[in-house]
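If you want the building blocks of each chain, they are given just below.
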Amino acid sequence: DAGVIQSPRHEVTEMGQEVTLRCKPISGHDYLFWYRQTMMRGLELLIYFNNNVPIDDSGMPEDRFSAKMPNASFSTLKIQPSEPRDSAVYFCASSADRGVAEKLFFGSGTQLSVL
Amino acid sequence: DAKTTQPTSMDCAEGRAANLPCNHSTISGNEYVYWYRQIHSQGPQYIIHGLKNNETNEMASLIITEDRKSSTLILPHATLRDTAVYYCIVRPRTYKYIFGTGTRLKVLA
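Presented here is an overview of the structure given in this document. (Residues numbered from 1 in each chain as written. Chains lettered and ligands numbered in written order. Predicted model: local features only at pLDDT ≥ 70, side-chain atom pairs only at ≥ 80, totals over all residues. Heavy atoms only, no water.)

### Section: the overall build of chain B
Thinking step 1. Secondary structure summary: chain B contains zero helices and nine strands in total.
Thinking step 2. Reading the secondary structure of chain B in the N-to-C direction produces β-β-β-β-β-β-β-β-β.
Thinking step 3. Its C-alpha radius of gyration of 13 Å places chain B within 12% of the 13 Å reference for a compact globule of 109 residues.
Thinking step 4. A principal-axis box enclosing the C-alpha atoms of chain B has dimensions of 40 × 30 × 20 Å.
Thinking step 5. When contacts within chain B are restricted to residue pairs at least 6 apart in sequence, long-range pairs at least 24 apart make up 55% of them.
Thinking step 6. Surface accessibility of chain B: about 5800 Å² in total, with carbon and sulfur atoms responsible for 49%.
Thinking step 7. Put simply, chain B has 12 plus and 9 minus side-chain charges, and the middle of one group is 6 Å from the middle of the other. (Helix = DSSP H or I, 4+ residues; strand = E, 2+ residues; numbered from the N terminus. Rg over C-alpha atoms; globule rule 2.2 N^0.38 Å. Contact = heavy atoms within 4.5 Å. Areas by Shrake-Rupley, 256 points an atom, 1.4 Å probe, with all protein chains shown as cover. Lys, Arg positive; Asp, Glu negative; His and termini not counted. Charge placed at Lys NZ, Arg CZ, Asp CG, Glu CD.)

What follows is the structure in structure tokens.
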């Protein structure tokens, strides 16, 4: 298995532009998580899905952020409009609920720089 | 959901055992303890997990106290490649995995 795949690897954009981050979870996994990591705030959970349905989006900073999961193999995190303070590494992770203990598998992340 | 407390940083000599402690005094019921690590700017990587008994795999050992209020991750022979941030997490019922600040382990040559 290729693992969790995120794209792009790096994104540089100007303030006010729309940014879309993409994630392909591991096949068969039914949970998908979006995290943001900065030096100041560490690793923050933004939102997570179960079977393509958003379960908890309380970590989404504000209305400029939105996440979708149209099918089991694809999710997007969109920022519109982007601001310099959104600069961070965004990680996607997936896991499979086997009723006991499950592991989170993380992607390599997207390094976002908003100028 | 139970919270965890870890030291901010630790040093360990290469080849020696690294013992990373974690307090989770509010752990309850059937909550599992998980350990992950993050090397440089990569995504966090699963290491090991446990419920009550001590666990060992090819990467590390996990020692959980009898009252389950604390645990220790042991890297038996630390190498320079083990330099990373180590996160201790109690698996929440809600699947809402919250990562704390972790312990920054530096393995010294």
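### Quick notes on the layout of surface pockets
Thinking step 1. Taken as a whole, the largest pocket encloses approximately 570 Å³ of empty space.
Thinking step 2. In terms of lining, the largest pocket is formed by 22 residues, of which the most central are A:Gln37, A:Met39, B:Val85, B:Tyr87 and B:Arg104.
Thinking step 3. At three residues, strand β8 (residues 84-90) of chain B tops the list of elements feeding residues into the lining of the largest pocket.
Thinking step 4. Residue composition of the lining of the largest pocket, by class: nine nonpolar, eleven polar and two charged.
Thinking step 5. Of the pockets and cavities examined, the second largest pocket occupies roughly 230 Å³. (1 Å grid on protein atoms, 1.4 Å probe; cavity = no way out; pocket = protein on both sides within 12 Å on 5 of 7 lines; lining within 4 Å. Points joined across faces, edges and corners; volume = space filled by probe spheres on them. Nonpolar A, V, L, I, M, F, W, Y, C, P; charged D, E, K, R; others polar.)

### Thoughts on the interface of chain A and chain B
Thinking step 1. Every contact between the two is made by 19 residues of chain A and, on the other side, 18 residues of chain B.
Thinking step 2. Together, the buried faces of chain A and chain B total about 1700 Å²; carbon and sulfur atoms form 55% of this surface.
Thinking step 3. The three residues of chain A that bury the most area against chain B are A:Leu43, A:Glu102 and A:Leu104, which together make up 29% of that side's buried surface.
Thinking step 4. At the surface where chain A touches chain B, the tally comes to one salt bridge.
Thinking step 5. Here chain A and chain B share five residue pairs in polar contact (both at pLDDT 80 or more) between them. (Buried area = accessible area lost by both parts, 1.4 Å probe. Salt bridge = Lys/Arg side-chain N within 4 Å of Asp/Glu carboxyl O. Polar contact = N/O pair within 3.5 Å; in protein donor to acceptor, adjacent residues only side chain to side chain.)

### Description of the side chain of A:Thr76
Thinking step 1. By the element assignment, A:Thr76 lies in strand β8 (residues 74-79).
Thinking step 2. Those residues in contact with A:Thr76 that sit more than four places away from it in its chain are A:Thr20, A:Leu21, A:Arg22, A:Trp34, A:Ser66, A:Ala67 and A:Lys68.

### As for the sheet that holds strand β6 (residues 61-64) of chain B
Thinking step 1. Here we have four strands laid out as an open sheet, ordered β2-β7-β6-β5 (chain B), and antiparallel in their pairing. Whereas interior strands pair on both sides, the edge strands pair on one side only; in this sheet they are β2 (18-23) and β5 (55-56) of chain B. (Pairing = 2+ DSSP bridges.)

### Re the state of the cysteines
Thinking step 1. Here the structure, examined in full by the defined rule, presents two disulfides over all chains.
Thinking step 2. Here A:Cys23 connects covalently by a disulfide to A:Cys92, the sulfurs 1.8 Å from one another. Across the S-S bond linking A:Cys23 and A:Cys92, the dihedral sits near -65°, which makes this disulfide left-handed. Of this pair, A:Cys23 sits in strand β3 (residues 19-24) while A:Cys92 is found in strand β9 (residues 88-95), placing the two residues 69 residues apart along the sequence. Both residues of the pair, A:Cys23 and A:Cys92, count as buried.
Thinking step 3. Paired through a disulfide, B:Cys22 and B:Cys88 show a sulfur-sulfur distance of 2.1 Å. One disulfide, between B:Cys22 and B:Cys88, carries an S-S torsion of -80° and so falls in the left-handed class. Within this pair, whereas B:Cys22 is found in strand β2, its partner B:Cys88 is found in strand β8, the two being separated by 66 residues in sequence.
Thinking step 4. Its relative accessible area of 1% is what places B:Cys22 among the buried residues. (Disulfide = S-S within 2.5 Å. Buried < 20%, exposed > 50% of the residue type's maximum accessible area, 1.4 Å probe, protein only.)

### A few points about the environment of A:Val89
Thinking step 1. Relative to the helices and strands, A:Val89 resides in strand β9.
Thinking step 2. Other than its neighbours up to four places away in sequence, A:Val89 contacts A:Tyr35, A:Arg36, A:Gln37, A:Gly109, A:Thr110 and A:Gln111.

### Describing the sheet that holds β8(A)
Residue and element names in this part refer to chain A.
Thinking step 1. Sheet architecture is open: four strands sit in the order β1-β3-β8-β7, paired in antiparallel fashion. With partners counted over all chains shown, the strands left at the sheet margins are β1 (5-7) and β7 (65-71), one partner each. For this sheet the average axis-to-axis angle between neighbouring strands, irrespective of direction, equals 15°.
Thinking step 2. Examined bridge by bridge, β3 and β8 share five bridges and lie antiparallel to one another. In the strand pairing of β8, Leu-21 is matched with Leu-77. (Axes fitted to C-alpha atoms, helices over the stretch in contact; angles between N-to-C directions.)

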